[in-house]
Amino acid sequence: DAKTTQPNSMESNEEEPVHLPCNHSTISGTDYIHWYRQLPSQGPEYVIHGLTSNVNNRMASLAIAEDRKSSTLILHRATLRDAAVYYCILVSSGSARQLTFGSGTQLTVLP
Amino acid sequence: DAGVIQSPRHEVTEMGQEVTLRCKPISGHNSLFWYRQTMMRGLELLIYFNNNVPIDDSGMPEDRFSAKMPNASFSTLKIQPSEPRDSAVYFCASSWTNYGYTFGSGTRLTVV
């Protein structure tokens with residue numbers, strides 16, 4: 001499986017944008033880039049995913065590098081409720097579609 | 001949409017007892033996944049079903065673990081006999097093709 005590399009932790013101030021980076025230099029052409037987050041005492045929650053183009057939804061934006069070897073999850077205005085572990089995961093479009101979780105980035109939002 | 005429903009939310013059992021965890025996926029989703037989360041090992045995939053058929057069970061720790069999906073709306077994960085090292089939070093997730101995966105709230109299992 002192609003691996004991802006994320007910082008262990010990041011801090012942000014409330015109401016400010018947050019850019020969470022992810023490196024995936026061994027990504028294959030058919031791998032989708034998925035982001036999930038896990039709030040304390042909850043199951044992982046889908047945030048966003050993309051293949052080549054940047055993506056936006058109500059929760060966040062996903063910026064994908066032109067060579068697809070890195071991506072950035074953007075939370076436009078962090079709130080205290082966004083404090084969570086954020087996981088960047090590559091998902092094959094083939095038959096093996098399981099999510100393989102790494103250690104993720106622990107985001108702390110400061111009031 | 002009630003989401004992925006898992007039961008029970010909490011389970012405390014004695015070593016050696018059989019434990020059955022249950023999952024109801026989202027209607028229309030064709031894939032179902034069982035994960036286990038511990039502090040030491042993080043989130044680990046145990047088994048994955050596609051259209052009710054087990055596709056990959058390489059993550060199942062040993063023969064004490066078994067999983068079934070008798071129909072599209074129900075799956076079980078059974079541990080027999082249970083051991084203290086099985087204590088963890090077990091998550092079920094479902095998905096449709098390459099759309100986002102939806103996780104349940106998990107079952108916190110404690111084996112004493």
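In this text the structure is predicted, and so the values were computed from the model without any measurement.

**Things to note about the side chain of R64(B)**
All names here are of chain B.
Link 1 in the chain: Topologically, R64 is positioned in the loop between strand 6 (53-56) and strand 7 (65-71).
Link 2 in the chain: R64 gets classed as buried once you look at its relative accessible area, which sits at 10%.
Link 3 in the chain: Within polar-contact distance, the side chain of R64 engages the side chain of E62 at 2.8 Å.
Link 4 in the chain: Apart from residues lying up to four places away in sequence, R64 is in contact with K78, I79, Q80, P81, S82, E83, R85 and D86.

**So, the interface of chain A and chain B**
Link 1 in the chain: Residue-level contacts link 18 residues of chain A with 19 residues of chain B.
Link 2 in the chain: For the pair chain A and chain B, the summed buried surface comes to about 1500 Å²; carbon and sulfur atoms form 50% of the total.
Link 3 in the chain: Our enumeration of links across chain A and chain B arrives at 0 salt bridges.
Link 4 in the chain: Secondary structure elements with two or more residues in the side of chain A that touches chain B: strand 3 (31-38), strand 4 (45-50) and strand 8 (84-92) of chain A.
Link 5 in the chain: The leading source of residues in the side of chain A that touches chain B is strand 3 of chain A, at 4 residues.
Link 6 in the chain: Residue classes in the side of chain A that touches chain B are distributed as 8 nonpolar, 9 polar and 1 charged.

**Here's the deal with the sheet that holds strand 8 (residues 74-79) of chain B**
All names here are of chain B.
Link 1 in the chain: Reading across from one edge, 1-3-8-7 is the order of the 4 strands in this open sheet, with antiparallel pairing throughout. The two strands at the open ends of the sheet, each matched to only one other strand, are strand 1 (5-7) and strand 7. Looking at each pair of strands side by side, their axes are set apart by 15 degrees on average, direction ignored.

**Re the packing of aromatic side chains**
Link 1 in the chain: As enumerated under the stated definition, the model contains 11 aromatic pairs over all chains in all.
Link 2 in the chain: Aromatic side chains F101(A) and F103(B) sit 5.9 Å apart centroid to centroid with 75 degrees between the ring planes, which places their arrangement in the edge-to-face category. Separated into two different chains, F101(A) in the loop between strand 8 and strand 9 (105-110) and F103(B) in strand 10 (residues 102-103) make up a pair that spans both. Across this residue pair, the class does not change: F101(A) and F103(B) are buried.
Link 3 in the chain: Between F33(B) and Y35(B), the ring centres sit 6.5 Å apart and the planes meet at 35 degrees, which makes this aromatic pair tilted. Neither residue differs from the other here; F33(B) and Y35(B) are each classed as buried.

So, how was this worked out
- Along each chain, residue indices are assigned from 1 in the same order as the chain's sequence is written.
- Both sets of labels track the order of writing: A upward for chains, 1 upward for ligands.
- With the structure being a predicted model, the display of local features is reserved for residues of pLDDT at least 70 and the display and counting of side-chain atom pairs for 80 or more, all residues being used for whole-chain, interface and lining totals.
- Processing note: side-chain calculations cover all non-hydrogen atoms of the structure and skip hydrogens and water entirely.
- In this description a helix means any DSSP run of H or I spanning at least four residues, a strand means any run of E spanning at least two, and both kinds are numbered starting from the N terminus.
- Burial classes: relative accessible area under 20% of the type maximum marks a residue as buried, over 50% as exposed, and values in between as partly exposed (1.4 Å probe, protein chains only).
- By the criterion applied in these results, polar contacts are pairs of N or O atoms within 3.5 Å in which, for protein atoms, one can donate a hydrogen and the other can accept it, and in which residues neighboring in sequence qualify only through two side-chain atoms.
- The contact criterion used throughout is that any non-hydrogen atoms of two residues lie within 4.5 Å.
- Two parts lose some accessible area (1.4 Å probe) when they are put together, and adding that loss for both gives the buried area.
- Salt-bridge detection follows one rule: a side-chain nitrogen of Lys or Arg within 4 Å of a carboxyl oxygen of Asp or Glu.
- Under this grouping Gly is polar, as are all residues other than the nonpolar Ala, Val, Leu, Ile, Met, Phe, Trp, Tyr, Cys and Pro and the charged Asp, Glu, Lys and Arg.
- Strand pairing requires that DSSP identify at least two bridges connecting the strands.
- Orientation is described by lines fitted to C-alpha atoms, with helices fitted over the stretch in contact, and by angles between N-to-C directions that extend from 0 to 180 degrees.
- The aromatic pairing rule takes the rings of Phe, Tyr and Trp, using the six-membered ring of Trp, and pairs them if the centres are within 6.5 Å, calling planes under 30 degrees apart stacked, those over 60 edge-to-face and the rest tilted.

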